[in-house]
There are 2 protein chains.
Amino acid sequence: MNWYLQSGKDSDIVTSTRIRFRRNLQGFKFNLKNNTEIEKLKNKIKENTYAIGYGLKYIELKDIDDITKMSLVEKNLVSAEYILKNELGAILINDEENICITVNDEDHLNIQVFNSGLDLENTLNFAIEIDKKIEETFGYSTNKKYGYLTSLPTNCGTGLKASVKVHLPALEKTKNIQKVFYTINNFGVNIDGAYGENTKEVGDIYQISNKRTLGVSENDIIENLKIVTEKLIEQERNARKFLAKDSIDLEDIVYRSYGILKYSRKISFEEAHKMISNVKLGTDLGLLPELTDSKVQKLILYTKPANMQKSLGEQYEILERDIKRAEVIKNIMNEK
Amino acid sequence: MNWYLQSGKDSDIVTSTRIRFRRNLQGFKFNLKNNTEIEKLKNKIKENTYAIGYGLKYIELKDIDDITKMSLVEKNLVSAEYILKNELGAILINDEENICITVNDEDHLNIQVFNSGLDLENTLNFAIEIDKKIEETFGYSTNKKYGYLTSLPTNCGTGLKASVKVHLPALEKTKNIQKVFYTINNFGVNIDGAYGENTKEVGDIYQISNKRTLGVSENDIIENLKIVTEKLIEQERNARKFLAKDSIDLEDIVYRSYGILKYSRKISFEEAHKMISNVKLGTDLGLLPELTDSKVQKLILYTKPANMQKSLGEQYEILERDIKRAEVIKNIMNEK
């Protein structure tokens, strides 16, 4: 089962952890625009993919159909900007999809490692292991004073972006979320909507990531992010306890959402994700034993347009999308 | 099973038929206000109740508790005005509750006979039979020119009010209902919200009744009401066919309503009746085979405050009412 359908530590609140390293290879200019040079870079990476190991496969973006491209965006494995606009790009990805490396984005390589739940240390260690292997293979652009060099100066140093996705429905429902965000904003982290950075918040899922990459160690970055995340977990758990006091109101929201997901014959993405957020809160509180974590993760992922189409394995009109979404939801909920 | 939990002819649209005769006894003044005279009238009726037959029992309003009083109002067997304000009143009622005669309302007797579905002829014939029996027992105030005399001149003549309750969700959803009402208004009928006359419309149920009582025969009155009702049935069926064309939208409304009724943990009267109206439309269209007509009738009746309390057989706070309503609904839906 793919990592994004599994549950991990604290996954009642933290849905996933990501570690990303921006790296640039020796012997190539930063931010390549020249086609010949881009092809040269890609060939070098392609030839060495097997040597890197980890079951990684080299795939050119031009060989990926649009639906698959969008399904990768929806899984948060790549940014929409990169995959849709970069015709000469390529990715290295393994079957489990917990490693996804993009080629020739802002930087030559964007090494990403994912895990379910809150697991910053292990994910970082695994990412460092892969990073070392790639460094041995190609050699990186580094500088004694700054560390790893990147296309944009703001990313250099560690080149590390560590992030977690958190599900905060109770802070949202108790209207405490802005206050909490205001507070943690002082701790050197960014807060973004779930679907990439700077997008609107859907289904009460937010991404928390480090701001600084330069002048701090990898361990300090993830330690700080961990402290902030644990603070958030504590706040969200308190809010859930508060809501559970007047439990009939909470149960009503959870079960109604369950009923709508189960019985609607057409449902928009926005409504589905609002209902799924409520239902996820219900499973996390033990109110819906019939709904496993894996089913909830499937509901989150397979209701997104491209993954929906891939899971249905058929073409359909945009007008039918809300109808198909209701079908997909019913199928997932009725799975044995 | 009581008549109001059964289904009858055209009961996909007509939920019930009622025939009412206003009658006044010989030897008593109209519109009695004097307590001694009222007691005299009641004693005469009480003494003769067994002789009238039909399993009727004589019950003084002062011997009925408030919840039972309100439950009779919710079943539309008596008006709230009569039962709550008339301390010296009494009713004759049978176990099936398809006959309910009020004593000393505007008129000495208000003879009412009920049936499920559209059944004007049989209900009228049965009411006439009872009426004759009572006339033999007491003798009525009549006049050769006007017929039966009543407290208010507008009710004299036949003293007959024939009415049907119709469920018109499709005309409502297609926004044709005002147009249809405007048209049938010319055919000598009144249109009222479901819960007594001049109340707001809840759950898309309306009452259609004759306007005139004087100068027309009983048969003409019900014949005209029948024609209007059949016209309404035709219009509602056409609207349902129209909605069924875009069946996914209709199914979505029906099944979502089913899901909300089944899973909500608290629900207001207004919301419940909106959802029940949609679900009733679903059963009438064969979309919800698991929900019998009888269950729908129970949902309509036992979600009303007083019948809810009677069906639960326990006291509860007004604040708990929406929670209890959700419980009652779940119990009815889960009945084998």
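About the criteria used
Residues numbered from 1 in each chain as written. Chains lettered and ligands numbered in written order. Predicted model: local features only at pLDDT ≥ 70, side-chain atom pairs only at ≥ 80, totals over all residues. Heavy atoms only, no water. Helix = DSSP H or I, 4+ residues; strand = E, 2+ residues; numbered from the N terminus. Buried < 20%, exposed > 50% of the residue type's maximum accessible area, 1.4 Å probe, protein only. Contact = heavy atoms within 4.5 Å. Core = buried A, V, L, I, M, F, W, Y, C linked by side-chain atoms within 4.5 Å. Phe/Tyr/Trp six-rings, centres within 6.5 Å; stacked < 30°, edge-to-face > 60°. Lys NZ or Arg CZ within 6 Å of the ring centre and 35° of its normal. Least-squares fit on C-alpha atoms with pLDDT ≥ 70 in both. Salt bridge = Lys/Arg side-chain N within 4 Å of Asp/Glu carboxyl O. Pairing = 2+ DSSP bridges. Axes fitted to C-alpha atoms, helices over the stretch in contact; angles between N-to-C directions.

Chemist: Explain the environment of V180 of chain B residue by residue, including any values.
Modeler: Residues and elements named next belong to chain B. By the secondary structure assignment, V180 is in helix α6 (residues 177-184). Exposure remark for V180: the relative accessible area of 8% places this residue in the buried category. Spatially, the C-alpha atoms of V180 and L232 are 7.8 Å apart, while their sequence positions differ by 52 residues. What V180 contacts, discounting residues up to four positions off in sequence, is L171, L232 and Q235.

Chemist: Go over the nonpolar core, please, and point to the residues and values.
Modeler: Core analysis: the biggest nonpolar cluster contains 68 residues, and L72, I91, L261 and L291 of chain A together with L261 and L291 of chain B have the highest contact counts within it. When residues no more than four places from it in sequence are discounted, the contact partners of L261 of chain B are I267, A272, M275, I276, V279, I329 and M333 of chain B.

Chemist: Go over the packing of aromatic side chains, please, and point to the residues and values.
Modeler: Under the definition given, this model contains 13 aromatic pairs over all chains. Between Y54 of chain A and F126 of chain A the ring centres are 5.6 Å apart and the planes differ by 75°, which places this aromatic pair in the edge-to-face class. Of the two residues, Y54 of chain A sits in the loop between α1 (35-52) and β2 (57-60) while F126 of chain A sits in helix α4 (residues 120-138), which places them 72 residues apart along the sequence. A centroid spacing of 5.8 Å and a plane angle of 80° characterise the contact between Y140 of chain A and Y148 of chain A, whose relative ring orientation is edge-to-face. Members of the aromatic cluster, joined through ring pairs, are Y258 and Y263 of chain A together with Y258 and Y263 of chain B. Over the face of the ring belonging to Y148 of chain A we find R23 of chain A, whose NZ or CZ atom lies 3.5 Å from the ring centre.

Chemist: Describe the relation of the copies chain A and chain B, and please don't skip the residues or the numbers.
Modeler: Relating one copy of the chain to the other requires a rotation about an axis plus a shift along that axis. Note on the copies: chain A fits chain B at an RMSD of 0.0 Å, the axial shift is 0.1 Å, and the rotation between them is 180°. Put plainly, the chains are arranged around a two-fold axis. Every residue of chain A has its C-alpha some distance from the rotation axis, and the shortest such distance is that of G259 of chain A, at 2.2 Å. The fraction of interface residues of chain A whose copies in chain B are also interface residues reaches 100%, indicating that both copies meet through the same surface.

Chemist: Residue-level account of the pattern of salt bridges, with values.
Modeler: Applying the stated criterion across every chain yields a total of 47 salt bridges over all chains. In this structure, the salt-bridge partner of K42 of chain A is E60 of chain A, at a minimum N-O distance of 2.6 Å. Here the residue K42 of chain A occupies a position in helix α1, and E60 of chain A occupies one in strand β2, the gap between them amounting to 18 residues. Take K42 of chain A and E60 of chain A: they sit in the same class, and that class is buried. Between K57 of chain B and D95 of chain B there is a salt bridge, with its nearest N and O atoms 2.8 Å apart. Here the residue K57 of chain B occupies a position in strand β2 (residues 57-60), and D95 of chain B occupies one in the loop between β3 (90-93) and β4 (99-103), the gap between them amounting to 38 residues. Judged by relative accessible area, D95 of chain B falls into the exposed class, the value being 55%. Connected through salt bridges with shared partners, the residues K9, D10, D12, E236, R237, R240, K280 and D284 of chain B form a single ionic network.

Chemist: Pulling in residues and values, what's your account of the sheet that holds strand β5 (residues 109-116) of chain B?
Modeler: All names here are of chain B. The 8 strands are arranged β2-β3-β4-β5-β1-β8-β10-β9 in an open sheet whose pairing can be described as antiparallel. Either end of the sheet is taken by a strand with one partner, and the two such strands are β2 and β9 (189-193). Strand-to-strand twist in this sheet, taken as the mean axis angle between neighbours without regard to direction, amounts to 20°. Sheet contacts for helix α1 (residues 35-52): β2, β3, β4 and β5; angle to β2, the most-contacted strand, approximately 155°.

Chemist: Explain unusual backbone geometry to me, using residue names and the numbers behind them.
Modeler: All names here are of chain B. Despite not being glycine, N31 has its phi angle at roughly 50°, a positive value. Within the fold, N31 resides in the loop between β1 (14-23) and α1. Look at N104: it is not a glycine, yet its phi comes out positive at around 60°. Relative to the elements of secondary structure, N104 occurs in the loop between β4 and β5. The exposure class assigned to N104 is buried, which follows from its relative accessible area of 5%.

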